[in-house]
Structure formats: C-alpha cells, structure tokens
Amino acid sequence: LLLIFGVLFALPDNNLHLIFCDVGQGDAILVSRGSQQILVDGGPNNKVLGCLSDNLPFWDRTIEMIVLTHPEADHLTGLISVLERYSVKQLISSSLVKDSPVFTEFRQRIIKNKIPVYSPKMGDQIKIAGLVLKILWPENKLGNELVWRNEADLKVLGIEAFSGNFNQTAIVSQLSFGQFDALLTGDIGFEQENQIQTETVEVLKVAHHGSKYSTAAEFLEKTKPQLAVVLVGRNNYGHPSLEVLDRLTSRGIKFSRTDLNGEVEIVSDGKRWWLKD
C-alpha cells in the first residue's frame, strides 16, 4: 500500500514545471511537463543529478531533450553525469568544437550513445509536450554537424577548435506554454541582447549569472519580465553585479538567486503561473 501510495503521489501533473537548479556557479534548468523533460545545460559539477532525482518520478530514466547553450565548463560538465545515468533522446547544440577535456568526453559520449544532434538557428521552433521552444539566437547554424558523427576525424575534416567567445554563441530560447513565456538567455552580452527579436515575458533567466555586461536597461524595457532568476554560486567575478540588481530593482522586477534562495521552481497551467514554495 505504501508503494502504491508513493507511485500515485509521484505521478506528474499536466502543468509546466520550470526548475532552476541550484548547482553553484553555473546553469542547469529543468523543463518538465507530464512525463517529458528538457534539460537546458548541466552546471559545473554533478549536482544536477540531485535536481533531476528530486523532480523526476523515480521510474523515469529518460530525458527527451538536452539543450547545451554553449560548451563552457560551467554549463557542460554536469551533462556528462546525466549521460551516464539517463537515456537522452535528442541533443540541441551548436557544432562548434571546444578545446577542452570536458568537451572531448561529452562529444565521445554523444557519439557512443548515438544521440541525434541538431544545431539550431534563429527562427527555429521546437515543439514537445505541448511546449514551444523558439530559438532566438544564434542567427545562423554554427559549426559542422559532422563533429557529432563517429567517423568524423576532426583533423581529416579540417575542423578546428573555435577560438572566439563562446558566450556570444550561446543558444537563446523562449519557452512558451499557453500564455506563459520564459526567456532563457545562456551567457549572452549586450551585443546579442540588441539583436534578439523578443517580446514581453513573464520570467527572465538573467544572462551570464548576473554579469554587468549583460541584462541592459534597454533589454529589460523590451522584455518587461515580472520575475528574474539568477543562477549563481560562490565566485570571484562579482556575480551578480550590483548594476544588474539595481536595474531589476529600479523597474520593480522581483528576482530570485539560487545562491540565496536555492532551487527555484515556477509552475504554470498555461494561463496562470506561480512560484512553488
């Protein structure tokens, strides 16, 4: 009876659950509706596994989609642990090569597990579980998708590691469920904010952990979020910056920080939305 009660208690509802995982100084965002999940980034360590364990039914070992916004360690590292523990059906990622052991291991696991990869561009729409993920950045597909094929020898193909700023290539998406919209911004800066065609949203994921070089006043005027979430942990970068916090406060935008508030969960039925206690 206890087992049956536990199973019934764990059954998912039909709402959208948008969970900003507390993984320290990094990004990991779980999007869940019904029995289907999207994981956006994996954080700098394996703490993301605790977030998944707490928010997925114990019998659900499948993640329908992973979105890697960009292959910096504070967004990528935890995904290796996820690939070890869960079956992943689809990866959304640029095909730019990062010259790092973490990216090399991640790439090898994607190939070994035969996970299909799609490199998105502005205007793409990905639909899953009644949700729409609209890609707002990058402007064009980035890299060579042969990177994700087993037969691809990077040297033979002439594919070299990207030497630019990965933050500027980060995948930005607008998650929509009925009348609810959340803007997931990766680590973009002012320049990318100026080029993104977006609209008002209910929730904004503050870019780059609250860096003073992101979340411009003009961007906040354009998006007009009711709630901003800062994914941040102990760091030496001054994140989140006082400038960003002041911009939010001066506009009456409420904000939550994972370093102070822990995991942040937002629930929506497609009409209303609320913070889960």
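This write-up is about the structure you can find in this document.

About the criteria used
- Residues numbered from 1 in each chain as written.
- Predicted model: local features only at pLDDT ≥ 70, side-chain atom pairs only at ≥ 80, totals over all residues.
- Heavy atoms only, no water.
- Core = buried A, V, L, I, M, F, W, Y, C linked by side-chain atoms within 4.5 Å.
- Buried < 20%, exposed > 50% of the residue type's maximum accessible area, 1.4 Å probe, protein only.
- Helix = DSSP H or I, 4+ residues; strand = E, 2+ residues; numbered from the N terminus.
- Contact = heavy atoms within 4.5 Å.
- Salt bridge = Lys/Arg side-chain N within 4 Å of Asp/Glu carboxyl O.
- 1 Å grid on protein atoms, 1.4 Å probe; cavity = no way out; pocket = protein on both sides within 12 Å on 5 of 7 lines; lining within 4 Å.
- Points joined across faces, edges and corners; volume = space filled by probe spheres on them.

## Here we look at the nonpolar core
Counting 31 residues, the largest nonpolar core has Leu52, Ile66, Val82, Leu91 and Phe106 as the members making the most contacts within it. The set of elements that each furnish at least two residues to this core consists of α2 (48-55), β5 (65-68), α3 (73-85) and α4 (101-112). At five residues, α3 tops the list of elements feeding residues into this core. Residues in contact with Leu91, not counting those within four places in the same chain, are Ile66, Leu68, Phe106, Ile110, Ile115, Pro116, Val117, Tyr118 and Trp148. Ile126, Leu133, Ala182 and Leu184 belong to the second-largest nonpolar core, a separate cluster that totals 28 residues.

## Observations concerning the pattern of salt bridges
Using the criterion set out here, one finds ten salt bridges in the structure. In this structure, Arg257 engages Asp259 in a salt bridge whose closest nitrogen and oxygen atoms are separated by 2.7 Å. For Asp259, a relative accessible area of 31% puts it in the partly exposed group.

## Some points on the layout of surface pockets
What the second largest pocket holds in volume is close to 200 Å³. As for the second largest pocket, its lining consists of Gln25, Pro44, Glu72, Asp74, Asn167, Asp187, His208, His209, Tyr237 and His239.

## Looking at the environment of Val244
With respect to the helices and strands, Val244 occurs in helix α8 (residues 242-250). When neighbours within four sequence positions are excluded, Val244 is seen to be in contact with Val206, Gly210, Ser211, Lys212, Ser214 and Thr215.

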